[in-house]
Amino acid sequence: MKKVLALMMVVAMIASVAVLSGCGNKTADTAATTAAADKTYIIYSDNAFAPFEYLDTETNTYVGVDMEIMAAIAEDQGIKYEMHNEGFDASMGAVQSGQADAMIAGMTITDERKETFDFSEPYFDDGQVIVAKEGTTLDDLKGKTVAAKTSTVGGEYAESIKDQYGFTINYYEGSDNMYQAVSTGADVACVEDFSVIGYAIKTGEVKLSIISSEPANVKGYGFAVQKGKNAELLQKFDAGLANIKASGKYAEILKKYGY
Ligand code: GLN
């Protein structure tokens, strides 16, 4: 009898391995599989958005506030996940297509995005600023091009003020590409989240200045899933966030990155 049981278990294991590594589109299948206890969630993020997520060239791993918040919450809640740092627009697309289960990428919670995403409780507040070479004024934007990042609220903000200041917009996939375009003079300015450009300026990563008076459209950042999907993961994220706030872990992570 014992032998039969053991054999059945082996058969079951082989069957589940076969399902997991099965034919067709593996990532889509993984995301579509309904929450099993041992499910490994696919989570996407940005890749050049310090201090939230960026490549630590010494360890060749992605580090930052989002990476550590996710790890701490996963540990607290027993969530298994794989992180894919592919960029912001790519993360939005991956969640919307079901290729990813969720994203954590300094993503601003907006009413418009709530039509296609469900968000966690906000875990950080930020707004957008205009950034240029030192000495540039808002009057200098007239007739020039301003850099913005694809699919971001920074892009939306740029669209909302372009007529007032008389500039046109060039879109970039990454924040690093955007800063470079301003540094080389390809664009006169860029729009970026205040904390992110503030960090880049503070660390000497970029030699640019904030030329707008104060951050616009300040809102919370949230962890996001496709609307109506992965409710269990979202609940766990919120429960874990509350726990790491209560334990002091959340404050510890923010402090490590200068907050
Ligand atoms: N907070 C901005 C947004 O949600 C930018 C996010 C990012 O570039 N990673 O659009």
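Every value quoted in this text rests on a predicted model; they were computed, and no experiment measured them. (Residues numbered from 1 in each chain as written. Predicted model: local features only at pLDDT ≥ 70, side-chain atom pairs only at ≥ 80, totals over all residues. Heavy atoms only, no water.)

S.K.: Explain the sheet that holds strand β6 (residues 102–103) to me, using residue names and the numbers behind them.
M.R.: Taken in spatial order, the five strands of this open sheet run β5-β1-β6-β14-β7, and their pairing is mixed. Two strands bound the open sheet, and with one partner strand each, they are β5 (80–85) and β7 (117–119). Relative to strand β14 (residues 224–226), β7 is paired through three bridges, and the arrangement is antiparallel. When the bridges of β14 are listed, F119 appears paired with A224. (Pairing = 2+ DSSP bridges. Helix = DSSP H or I, 4+ residues; strand = E, 2+ residues; numbered from the N terminus.)

S.K.: Help me get a handle on the pattern of salt bridges, residues and values and all.
M.R.: Enumeration over the complete set of coordinates arrives at eight salt bridges. Here K162 and E159 are joined by a salt bridge, their closest N and O atoms 2.9 Å apart. Of this pair, K162 and E159 both sit in helix α5 (residues 153–165), separated by three residues, roughly a single helical turn. The partly exposed category is assigned to E159, whose relative accessible area is 34%. For the salt bridge of E252 with K249, the shortest nitrogen-to-oxygen distance reads 3.5 Å. Of this pair, E252 and K249 are both found in helix α9 (residues 249–256), three residues apart, which corresponds to roughly one turn of the helix. Note on K249: relative accessible area 30%, which makes it partly exposed. (Salt bridge = Lys/Arg side-chain N within 4 Å of Asp/Glu carboxyl O. Buried < 20%, exposed > 50% of the residue type's maximum accessible area, 1.4 Å probe, protein only.)

S.K.: Describe in detail the site of the ligand, supporting the description with residues and values.
M.R.: In the vicinity of the ligand, 13 residues are found, and the nearest of them are G106, T108, R113, K149 and D193. Between the ligand and A105, the relevant distance is 2.8 Å, taken from a nitrogen atom to a main-chain nitrogen or oxygen of the residue. Between the ligand and D193 there is a distance of 2.6 Å, counted from a nitrogen atom to a side-chain nitrogen or oxygen. Contact with the protein chains removes 100% of the 300 Å² of surface that the ligand exposes when unbound. Counted by class, the shell around the ligand contains six nonpolar, three polar and four charged residues. (Near = heavy atom within 4 Å. Polar contact = N/O pair within 3.5 Å; in protein donor to acceptor, adjacent residues only side chain to side chain. Areas by Shrake-Rupley, 256 points an atom, 1.4 Å probe, with all protein chains shown as cover. Nonpolar A, V, L, I, M, F, W, Y, C, P; charged D, E, K, R; others polar.)

S.K.: Describe the sheet that holds strand β3 (residues 53–56), naming the residues involved and giving the relevant values.
M.R.: Read across the sheet, three strands follow the order β2-β3-β4 without closing on themselves; strand pairing throughout is antiparallel. Either end of the sheet is taken by a strand with one partner, and the two such strands are β2 (48–49) and β4 (61–63). Of the pairings in the sheet, the one linking β3 to β4 comprises three bridges and is antiparallel in character. Following the sheet pairing, L55 is matched in β4 by Y62.

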